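What follows is the residue order along each chain.
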Amino acid sequence: MNRTPLVAGNWKMNGLPDSAAELHKMIGALKGGGHCDVLVCPPFPLIATFVHDSVDSGIGIGAQDCHFAEAGAHTGDVSAALLAAVGASAVILGHSERRADHGEGDALVKAKAEAALAAGLMPVICVGETEAQRDSGDAEATVLAQLDGSLPDSAGVVVAYEPVWAIGTGRVPENSDIAAMHHAIRQAVVGRYGDAGRAIRLLYGGSVKPGNAKEIFAIEDVDGGLIGGASLKADDFLAIVAAA
Ligand code: 13P
């Protein structure tokens, strides 16, 4: 199965209007696209300008969350329809930081994913175990349960495996552990969606850097990465894109 790799940058709560300079550097270097799909997910207020600046660049712009409802009395939230209307193409959902900071559970993540799909956005659904869950041998069961509860009914998604203990820590699982988890996730999405599950891109996230990206992306069933810290600097992000 040939899947176009995807390298997605999750800027988290980083960036100010002048961070557009980093985006412009990425656009200049990628010159209208290349060998893989590239997505940049800045904070909400930067999305519309980033979309405007990246027209025809081959770089997609995404969000880091959305609400499950189409509209209504939800102070501080943003709908999938609005994200799509301002030109976002994707949305990260169920990131461990949202699961931890905002108590988001699998059912909510699934509802958001359904809303994203209905609005025409590509959901990037995040799953991953904590260090305690890995140490107790529960990593795979944890991730499979998260998938079971978080995946929407149709297959137009990307899944990002992000071990919580590898995020922002400089620690990365052994290649064999990444391979085993991605294999298990592939089996789960094929079990869920049939053949369409073979087309789903499975990203690895957690301390991906220019120095380890090539090795990680070479692992079977790793179809790219979800990049945090290293996506903020164009040079680092471009080096990771080049490795995909
Ligand atoms: P780091 O690349 O900073 O470890 O973050 C990974 C992540 O959480 C991406 O969503």
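Each remark here, short or long, concerns the structure printed above.
Residues numbered from 1 in each chain as written. Predicted model: local features only at pLDDT ≥ 70, side-chain atom pairs only at ≥ 80, totals over all residues. Heavy atoms only, no water.

Engineer: Give a detailed account of helix 8 (residues 175–193), specifying residues and quantitative values.
Structural biologist: Along its 19 residues, helix 8 runs 27 Å from first to last C-alpha, staying within 8% of the 27 Å computed at 1.5 Å per residue. Buried residues of helix 8: Ile178, Met181, His182, Ala184, Ile185, Arg186, Val189, Val190 and Tyr193, and no others. In this structure, the buried side of helix 8 is in contact with helix 6 (131–135), helix 7 (139–150), strand 6 (158–161), strand 7 (201–205) and helix 9 (213–217). Just downstream of helix 8 lies Gly194, where phi reads positive at about 70°. (Helix = DSSP H or I, 4+ residues; strand = E, 2+ residues; numbered from the N terminus. Expected span 1.5 Å × (residues − 1). Buried < 20%, exposed > 50% of the residue type's maximum accessible area, 1.4 Å probe, protein only. Contact = heavy atoms within 4.5 Å.)

Engineer: Break down the site of the ligand for me, with residues and values.
Structural biologist: For the ligand, the set of nearby residues contains 13 residues, the closest of which are Lys12, His95, Gly168, Ser207 and Gly229. One of the side-chain N or O atoms of Lys12 is found 2.8 Å from an oxygen atom in the ligand. Between the ligand and the protein, one listed contact pairs an oxygen atom with a side-chain N or O atom of Glu162 at 2.9 Å. Classifying every residue of the shell around the ligand by side-chain character gives four nonpolar, seven polar and two charged. (Near = heavy atom within 4 Å. Polar contact = N/O pair within 3.5 Å; in protein donor to acceptor, adjacent residues only side chain to side chain. Nonpolar A, V, L, I, M, F, W, Y, C, P; charged D, E, K, R; others polar.)

Engineer: Give a detailed account of the pairing of strand 3 (residues 59–63), specifying residues and quantitative values.
Structural biologist: In terms of burial, strand 3 is a largely internal element, five of the five residues being buried. Neither face of strand 3 is left uncovered, since the one carrying Ile59, Ile61 and Ala63 and the one carrying Gly60 and Gly62 both have all their residues buried. Pairing analysis gives three bridges linking strand 2 (residues 37–41) to strand 3, with the strands arranged parallel. Within strand 3, the position partnered with Val40 by the bridge is Ile61. Crossover connection from strand 2 via helix 2 (residues 44–53) to parallel strand 3: handedness right-handed. As paired elements, strand 3 and strand 4 (residues 90–93) share two bridges and run parallel to each other. Pairing of Ala63 across the sheet is with Val91, part of strand 4. Following the backbone out of strand 3, through helix 3 (residues 80–85) and into the adjacent parallel strand 4, one traces a crossover that is right-handed. (Pairing = 2+ DSSP bridges. Right-handed = clockwise from strand over helix to strand, strands pointing away.)

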